[in-house]
Amino acid sequence: MKDLVTLLPMLDELCVLGLSGRQLHEALENGVSQYPKLEGRFPCVSGVRFAFDPKQPAGSRIDTGSITVGGEAWQAEGREYRVATKAYLALGKDGYDVFKHASMLMDSECAPLIPNLVRNHFSALAALNQLSKKRPALVDRVIMRLKSQGSREEGGEAEAGDVPYKVAPRLEGRIVRIVDKGQPDA
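Residues numbered from 1 in each chain as written. Predicted model: local features only at pLDDT ≥ 70, side-chain atom pairs only at ≥ 80, totals over all residues. Heavy atoms only, no water.

Q: So what exactly am I meant to see when it comes to the nonpolar core here?
A: The nonpolar side chains of a soluble globular protein tend to be buried with one another. With 22 residues, the main nonpolar core has L17, L24, L28, F50, I62, I67 and F99 as its most contacted residues. Within the residue set of this core, elements represented by two or more residues are β1 (14-20), α2 (21-32), β2 (48-52), β3 (62-69), β5 (80-86) and α3 (87-90). A per-element tally of this core places α2 first, with four residues. (Core = buried A, V, L, I, M, F, W, Y, C linked by side-chain atoms within 4.5 Å. Buried < 20%, exposed > 50% of the residue type's maximum accessible area, 1.4 Å probe, protein only. Helix = DSSP H or I, 4+ residues; strand = E, 2+ residues; numbered from the N terminus.)

Okay, here's the thing in structure tokens:
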């Protein structure tokens, strides 16, 4: 709990927004617009990958061909993307004016507080890890059931061999800075 309070000292409210592809691109551009300044606007993302060139002018730093969402190529038109963010940012703070024009799918009255969400996630992982030590077959069945329900919704079946015994969070490098090969990385 001490580490959690250190990492997330504020009781930030969460909300979920619906953004068009163009709005998502605009939000990402805002996020890297002040780089290399260390500001709150720099995007901490999950499920999104993109590359940007800090030498380009603000507003045109993102390589649009590099944007993927959920492993699929980003689409500027014809798709709505769900974005979970702090209610503070949804109000247009830190330059995220585009969020003020997004559709509100879940406001802060319905969504959990971010520290509570993170704590619950780690509590669930701890419980699964403890259970997997005592009864790994039960954990396999629970995870298989969850996977098969998800894949049945997508029209597929889960595979028995892809269930890990150890459940742990992982970090992925999703944001890439484009650097000239001849230039040192600043």
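That shown, we press on.
Q: Would you mind showing me how to read unusual backbone geometry here?
A: Negative phi values dominate among residues other than glycine, just as trans dominates among peptide bonds. Cis geometry marks the peptide bond from Y35 to P36; its omega dihedral reads 15 degrees. By the secondary structure assignment, P36 is in the loop between α2 and β2. For D94, which is not a glycine, the phi torsion comes out positive at approximately 55 degrees. If you trace the backbone, D94 turns up in the loop between α3 and β6 (103-106). Note on D94: relative accessible area 27%, which makes it partly exposed.

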